[in-house]
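# A closer look at the structure
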Amino acid sequence: MSVLQYYETMEYGPAPEADTEARAWLARHGASFGHFTNGAFAASADGKHFTTSEPATGKVLAKLAQGSAADIDAAVMAARKAQPQWLRLGGHGRARHLYALARMLQRHARLFAVLEAIDNGKPLRETRDLDIPLAARHFLHHAGWAQLQEREFADYAPLGVIGQIIPWNFPLLMLAWKLAPALAMGNTVVLKPAEFTSLTALLFAELAAQAGLPPGVLNVITGDGATGAALVDHDGVDKIAFTGSTEVGRLIRQATAGTGKSLTLELGGKSPFIVFEDADLDAAVEGVVDAIFFNQGQVCCAGSRLLVQEGIAETFRRRLVRRMETLRVGPPLDKAIDMGAIVDPVQLERIASLVETGVKEGAQKYQAPGALPQHGCFYSPTLLWDVQPSSTVAIEEIFGPVLVAMTFRTPEEAVMLANNTRYGLAASVWSESIGRALDIAPKLLAGVVWVNATNLFDAGVGFGGYRESGFGREGGREGITEYLKPVAWRGRKPRAVQPAVTETDEPASFALPTIDRTPKLFIGGKQVRPDGNYSRAVLSPKGKHLGEVGDGNRKDIRNAVAAARAADGWGRATAHNRAQILYYLAENLSARGDEFATRIAAMTGLTAAKAKAEVDAAIFRLFSYGAWADKYEGAVHTPPLRGIALAMHEPIGVVGVACPDEAPLLALISLVAPLIAMGNRVVVVPSERHPLVATDLYQVLETSDVPAGVINIVTGKRDALVKVLAEHDDVDALWVFGSKEASAVAERLSVGNLKRTLVDHGLLTDWYDAAASEGPILLRHAVQVKNIWIPYGD
């Protein structure tokens, strides 16, 4: 063919990348690898191994050690031994090491890119141009946080030994996302890479040691799910950071419940890609290609649900089909292909099965016509049109190059369809009206929203989801705090078990009795009778009968959650308005301060002076959160692209709160105030032993302009009601301060909707110490961070 013919047909041949260096590295190790523990490779304790294969050809790449509990134990011991010395290096010393790791990645960028493409099956263009540069960026960015640690995080300390489990879709990038912040803050790490894609983690560990990273700081244990389970179960691990499927995330949540381990989960997604009729359609089509065919659609935040406004739906479909016709699928080392191989035959079979199900359920299928390689795991770019919102393919994460499309008429319907999923990881909004885009973005239940863009990532911008997409954040300042613990909480002692109190008999008297006053529950802004019509006696420390309260049950919690859910306008109210109401609460509590002090003294046995001090501290705390309401704000990030990312603090939603018995008024205010200041609605279970101080608050709430449903109070058996709150899938988060057993129950039973939990594991908090119980230490748990990316320019 002549040059002119090539120009007219746009046909072009392969452009293969040499894999000589990667194959030579494999050969130097005899294509056989042990675990990397304490700075060197070591064989597995029991000699077991498994093989890893090349997705594009099916050929075996290497033999890897199968990690056992003994291997995990050796790695954890090495990490534990190294951690104090790593911390003593100081922020500057660790910053220099992280900088060296970034430079190491840059020096060996081509080797990492080729090895990742061979091992994972993704195109070399993606590993070379995105994965490796962004991995290096994470180490450079977090070197800066290490340098600033003593100043910016003076009130926090590292957690200790971190267990990290990473997926197969971005093996090296996920390593960098997790490893960089953990090491920067003075932790040491035991990393378990994915069974399918362990090679770049082993290469990284080897070259990191050559770059001077001290032995034991990074340990890599290869293996399957049993190896990961052994890491999760190990008593010497202080935190588990997991990226993977929602199903495995649930198992990890259950396994870590009650152990005191910190946990972050970055799980699955079914992200909407919303195209309004005023969008730049050609740009949006290219956005779709990046959203769902990038990395063969094996991306947790892939824009797998296309929502197109009806007026442009057919035009958009035609343009998308035309664009799909040009996509090329082939060997990952060919620099001229758009899509590489699916990671494993098991995943390929799942993709094909789900597509077949979608067609059976009525979807129209279009697949790009290009020929697939005869060998290896390849799948054509696929579009499923006319998909119903209830279809299996619209609900389940396919994790492949499959786009499901639906239409909408109005912006309200678009939001409804976008949020019609149990996930909440990411979303894309396409519109030439920035006003419309920024109106829609906060309404989407997703941790990341891209405006006229998709799949943008940066080390300085947090990433993570809502609901069944997990909790916690990777990247940015919020990602750093996931690897730290408050110094003020470090020395907490176990809460003492209070002895039972027996009611004392009082002789009958002919004196005029007081008028009976039996407090009810407080639900939806009203005092209501408990569903079971049972009451509980409230006794003084000496057994004197002080009164009775309602004994709440499962139905009462259900009603309280429904009332809280209906009060969603509170989250949309201005922060200024919420601040005024908190000040008003403080004012009205102050007006009745003597009455509350008398009640506290009678219930707890405190002196009048100490009871008054508790009331004064509660008033002070309300003022503090009135001040914080419009000052605990987000940030504007400036990632290295033409644009900004808005890190918005959003309310979590409906939060259950279980209060301890100590400081019954101050603890309740300290837990409820930060939540409502940030726009959440709460269902509160007050102190079981001293509940009258909470029921006395009803009239304060009624006279302080608190909207109905914002604060709901259900008295009764705390641990039993905690169980109900934990199991309730319309509760978005749960704070439990009380017994160790209640904390374990809250974490274990929260797996239904993977609600966020903040528990004290039975450790006593000093509610009078502002460092331990006021301000950002609790506020960061009262919000979730949504990052909205806004590129600009032509």
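Up top is the structure.
Computed from a predicted structure; not experimentally measured.

On to the overall build of the chain, then. Summing up its helical and strand segments, the chain has 30 helices and 32 strands in all. Relative to the 2.2 N^0.38 estimate, which gives 28 Å for 794 residues, the radius of gyration of the chain is 28 Å and therefore close to what a compact globule would have. On the principal axes, the C-alpha backbone points of the chain span a range of 115 × 65 × 45 Å. The 794 residues of the chain split such that 59% are buried.

Counting across every chain of the model gives 41 salt bridges. The partner of D19 in a salt bridge is R23, with the nearest N and O atoms 2.9 Å apart. Using a relative accessible area of 30% as the deciding quantity, one classes R23 as partly exposed. Here D458 and R137 are joined by a salt bridge, their closest N and O atoms 2.8 Å apart. Here D458 is found in the loop between β18 (448-451) and β19 (470-471), whereas its partner R137 is found in helix α6 (residues 124-152), with 321 residues between them in sequence. One network of salt bridges, with partners in common, ties together R250, E396, R422 and E468.

With that settled, the discussion passes to empty space enclosed by the protein. This model, assessed by the stated rule, comprises 8 cavities of 30 Å³ or more. Here the largest cavity defines a volume of roughly 120 Å³. Lining the largest cavity we find 15 residues, and of these L585, I669, L697, L701 and I711 sit closest to its centre. Counting residues per element, the ones that place at least two in the lining of the largest cavity are α21 (575-591), α24 (664-677), α26 (697-702) and β29 (711-713). At 5 residues, the largest contribution of residues to the lining of the largest cavity is made by α24. Of the residues assigned to the lining of the largest cavity, the class counts are 15 nonpolar, no polar and no charged. The space that makes up the second largest cavity amounts to roughly 90 Å³. Forming the walls of the second largest cavity are 14 residues, and the residues nearest its centre are F170, M174, W177, C300 and F457.

We now examine the packing of α6 against helix α7 (residues 171-184). Running from N to C, α6 and α7 cross one another at 5 degrees; their axes reach a closest spacing of 8 Å. One element, α6, and the other, α7, form an angle in the roughly parallel class. Across the interface between the two elements, L130, D131, I132, L134, A135, H138, F139, H142, A146 and Q149 from α6 touch L172, L173, L175, A176, W177, L179, A180, P181 and A184 from α7. Its residues assigned to classes, the contact of α6 with α7 comprises 15 nonpolar, 3 polar and 1 charged.

Here 10 strands make up an open sheet; going across it, the order is β14-β15-β16-β13-β12-β17-β18-β32-β26-β25 and the pairing mixed. Each end of this open sheet is capped by a strand with a single partner; those strands are β14 (364-367) and β25 (635-637). Between one strand axis and the next, the sheet turns through 20 degrees on average, direction left out of account. With 3 bridges joining them, strand β12 (residues 272-275) and strand β17 (residues 426-430) adopt parallel strand pairing. Bridge pairing in β17 places F273 opposite S428.

A separate point is the environment of I644. Mapped onto the elements, I644 comes out in strand β26 (residues 643-651). Separated by 501 residues in sequence, I644 and A143 place their C-alpha atoms 22 Å apart. Every residue in contact with I644, bar those within four places of it in the chain, is listed here: V636, H637, P639, I788, W789, I790 and Y792.

Right, let's get into helix α28 (residues 740-749). Restricting attention to buried positions, one finds in α28 the residues A742, S743, A744, V745, A746 and E747. At its buried positions, α28 is contacted by α10 (246-256), α27 (718-727), β30 (733-736) and β31 (756-759).

On the secondary structure map, L134 appears in helix α6. Distance from L134 to D458, taken between C-alpha atoms, is 7.1 Å for residues 324 residues apart in sequence. If sequence neighbours within four positions are ignored, L134 has contacts with L173, W177, F457, D458 and A459.

Within the open sheet, the 3 strands sit side by side as β1-β5-β4. Their pairing is mixed. With partners counted over all chains shown, the strands left at the sheet margins are β1 (32-33) and β4 (49-53), one partner each. Examined bridge by bridge, β4 and strand β5 (residues 60-65) share 5 bridges and lie antiparallel to one another. When the sheet's bridge partners are listed, H49 is paired in β5 with A65. Packing of helix α8 (residues 199-210) onto the sheet brings it into contact with β1 and β5, and relative to β5 it is tilted by some 65 degrees.

This paragraph deals with unusual backbone geometry. At N295, a residue that is not glycine, the phi angle is positive and equals roughly 55 degrees. Within the fold, N295 resides in the loop between α11 (281-293) and β13 (305-309). The phi torsion at L754 lies on the positive side, around 50 degrees, for a residue other than glycine. With respect to the secondary-structure elements, L754 resides in the loop between α28 and β31.

Now for the packing of aromatic side chains. Under the counting rule described, the total for this entry stands at 18 aromatic pairs. Where F457 meets F463, the ring centres are 5.7 Å apart and the plane angle is 65 degrees; that geometry is what we call edge-to-face. Neither residue differs from the other here; F457 and F463 are each classed as buried. Each ring, one from W628 and one from Y632, has its centre 6.1 Å from the other, and the planes form 80 degrees; the classification is edge-to-face. Taken together, the ring pairs connect W25, F33, F36 and F41 into an aromatic cluster.

This part covers the nonpolar core. In terms of nonpolar packing, the biggest core is built from 119 residues, with F139, F204, V275, L306 and F316 touching the most fellow members. Ignoring anything within four residues of it in the chain, the contact list for F204 reads L101, M104, L105, F112, F139, L172, L175, L179 and L218. One finds A597, L665, A667 and A673 within the second-largest nonpolar core, a separate group that totals 67 residues.

Turning to helix α5 (residues 109-120), a few remarks are in order. In this model, α5 (12 residues) spans 16 Å end to end at C-alpha, consistent with the 16 Å of a helix rising 1.5 Å per residue. Listed as buried for α5 are L111, F112, A113, V114, L115, E116, A117, I118, D119 and N120. Looking one or two residues beyond α5, the residue adopting positive phi is G121, at roughly 95 degrees.

Regular strands place side chains that alternate from one sheet face to the opposite one. Judged from the 5 bridges that link them, strand β23 (residues 535-539) and strand β24 (residues 545-550) form a sheet pairing that is antiparallel. Bridged to R536 within β24 is V549. The antiparallel hairpin formed by β23 and β24 contains 5 residues in its connecting segment, where G543 sits at a positive phi of about 90 degrees.

Definitions and limits used
Residues numbered from 1 in each chain as written. Predicted model: local features only at pLDDT ≥ 70, side-chain atom pairs only at ≥ 80, totals over all residues. Heavy atoms only, no water. Helix = DSSP H or I, 4+ residues; strand = E, 2+ residues; numbered from the N terminus. Rg over C-alpha atoms; globule rule 2.2 N^0.38 Å. Buried < 20%, exposed > 50% of the residue type's maximum accessible area, 1.4 Å probe, protein only. Salt bridge = Lys/Arg side-chain N within 4 Å of Asp/Glu carboxyl O. 1 Å grid on protein atoms, 1.4 Å probe; cavity = no way out; pocket = protein on both sides within 12 Å on 5 of 7 lines; lining within 4 Å. Points joined across faces, edges and corners; volume = space filled by probe spheres on them. Nonpolar A, V, L, I, M, F, W, Y, C, P; charged D, E, K, R; others polar. Axes fitted to C-alpha atoms, helices over the stretch in contact; angles between N-to-C directions. Parallel < 35°, antiparallel > 145°, perpendicular 65-115°, else oblique. Contact = heavy atoms within 4.5 Å. Pairing = 2+ DSSP bridges. Phe/Tyr/Trp six-rings, centres within 6.5 Å; stacked < 30°, edge-to-face > 60°. Core = buried A, V, L, I, M, F, W, Y, C linked by side-chain atoms within 4.5 Å. Expected span 1.5 Å × (residues − 1).

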